[in-house]
Amino acid sequence: MKTVFTSIYRAISRFQSSNISRGKGVKIAKSAILDTSGGGCIRIGNNTVVLHGAILGSRGGTITIGSHCSINPYCLLFGHGNLTIGNDVRIAAGTTIIPANHVYSDPHKLIRQQGLTTLGITIEDDVWIGAGAKILDGVTIAKGCVIGAGAVVTHSTEPYGVYTGVPAVKIKDRAMQ
């Protein structure tokens with residue numbers, strides 16, 4: 001089993017820099033990308049797993065991931081306006097979380113010239129985000145929420161809610177079951 005571990009996960013020593021820190025028991029797949037080249041930092045809590053093909057790019061902000069989390073294959077997490085992920089969060093394959101958005105209010109200016117909003121994203125403890133979900137700038141995913149596969153979350157959620165759709169809407173409450 002030890003040979004499988006070393007062939008699947010990066011040598012943690014590659015992440016010893018002032019811009020990337022990790023807790024004990026962190027596993028990062030060899031093909032995952034942790035990029036702080038644009039400034040900012042990435043902090044990963046204890047016993048968190050970042051699987052193959054995942055991209056974490058600080059983009060001048062901070063990505064903070066709590067303990068006992070899983071970032072599954074091909075997730076894209078940026079940190080522009082800061083991304084904070086609590087403990088015991090499950091993020092399924094292909095999820096995109098970007099705490100930035102283009103400003104486009106002036107039709108007489110090019111969109112690229114109008115800048116970005118960077119309100120940030122917070123994902124509280126005990127959250128499950130289904131495959132292919134999109135979480136947009138300014139959103140807080142409250143404690144205990146479930147975000148359905150393919151959902152696009154444009155507004156903050158209520159604790160223990162189950163949200164699906166485009167845009168995501170609450171379809172039930174986990175606390176009432």
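Procedures and definitions
Residues numbered from 1 in each chain as written. Predicted model: local features only at pLDDT ≥ 70, side-chain atom pairs only at ≥ 80, totals over all residues. Heavy atoms only, no water. Helix = DSSP H or I, 4+ residues; strand = E, 2+ residues; numbered from the N terminus. Buried < 20%, exposed > 50% of the residue type's maximum accessible area, 1.4 Å probe, protein only. Contact = heavy atoms within 4.5 Å. Pairing = 2+ DSSP bridges. Salt bridge = Lys/Arg side-chain N within 4 Å of Asp/Glu carboxyl O.

1. Here's the deal with the overall build of the protein chain
Here's step 1: Each helix and strand counted, the protein chain has one helix and 22 strands in total.
Here's step 2: Expressed as a percentage of its 177 residues, the buried residues of the protein chain come to 42%.
Here's step 3: Nonlocal contacts in the protein chain, meaning residues at least 24 apart in sequence, comprise 16% of its contacts between residues at least 6 apart.

2. What to know about the sheet that holds strand β20 (residues 152-153)
Here's step 1: Judged by pairing direction, the sheet is parallel, and its six strands sit side by side in the order β3-β6-β9-β12-β17-β20 without closing on themselves. Because the sheet does not close on itself, it has two edges, and the strands there are β3 (33-35) and β20.
Here's step 2: As judged from the three bridges shared by strand β12 (residues 96-98) and strand β17 (residues 134-136), these two strands associate in the parallel manner. Note that in β17 the partner of Ile98 across the bridge is Leu136.

3. A short note on the side chain of Thr36
Here's step 1: When you line up the elements, Thr36 lands in the loop between β3 and β4 (41-44).
Here's step 2: Dropping the residues within four chain positions of it, Thr36 is found in contact with Asn19, Ile20, Cys41, Ile42 and Ser58.

4. Things to note about the sheet that holds strand β16 (residues 128-129)
Here's step 1: Spatially, β2-β5-β8-β11-β16-β19-β21-β22 is the arrangement adopted by the eight strands of the open sheet, whose pairing is mixed. Strands with a single pairing partner mark the edges of an open sheet, and in this sheet they are β2 (27-28) and β22 (169-173).
Here's step 2: Judged from the two bridges that link them, strand β5 (residues 49-50) and strand β8 (residues 70-71) form a sheet pairing that is parallel. Residue pairing for β8: Val49 is matched across the bridge by Ser70.

5. Quick look at the environment of Gly57
Here's step 1: By secondary structure assignment, the location of Gly57 is in strand β6 (residues 55-57).
Here's step 2: Ignoring sequence-local partners within four residues, the contact set of Gly57 consists of Asp35, Ile63, Leu77, Phe78 and Gly79.

6. Focus: the environment of Gly81
Here's step 1: Considering the arrangement of structural elements, one finds Gly81 in the loop between β9 (76-78) and β10 (83-85).
Here's step 2: Put simply, Gly81 and Ser58 are 23 residues apart on the chain and 9.1 Å apart in space, counted from C-alpha to C-alpha.

7. Topic: the pattern of salt bridges
Here's step 1: Taken as a whole, this structure holds three salt bridges when the rule is applied.
Here's step 2: A salt bridge links Glu158 to Lys170; the nearest nitrogen and oxygen atoms lie 2.9 Å apart. Remark: Lys170 occurs in strand β22 and Glu158 occurs in the loop between β20 and β21 (161-164); sequence separation between them is twelve residues.
Here's step 3: Between Asp173 and Lys170 there is a salt bridge, and its shortest N-O distance comes to 3.9 Å.
Here's step 4: Judged by relative accessible area, Lys170 falls into the partly exposed class, the value being 34%.
Here's step 5: The network of salt bridges with shared partners includes Glu158, Lys170 and Asp173.

8. As for unusual backbone geometry
Here's step 1: Of the consecutive residues Val166 and Pro167, the connecting peptide bond is found in the cis state with omega at -5°.
Here's step 2: Unlike most non-glycine residues, His68 shows phi in positive territory, near 60°.
Here's step 3: Position of His68 relative to the elements: it lies in the loop between β7 (62-65) and β8.
Here's step 4: Positive phi is not limited to glycine here, since Tyr74 has a value of about 65°.
Here's step 5: Take Tyr74: it is sitting in the loop between β8 and β9.

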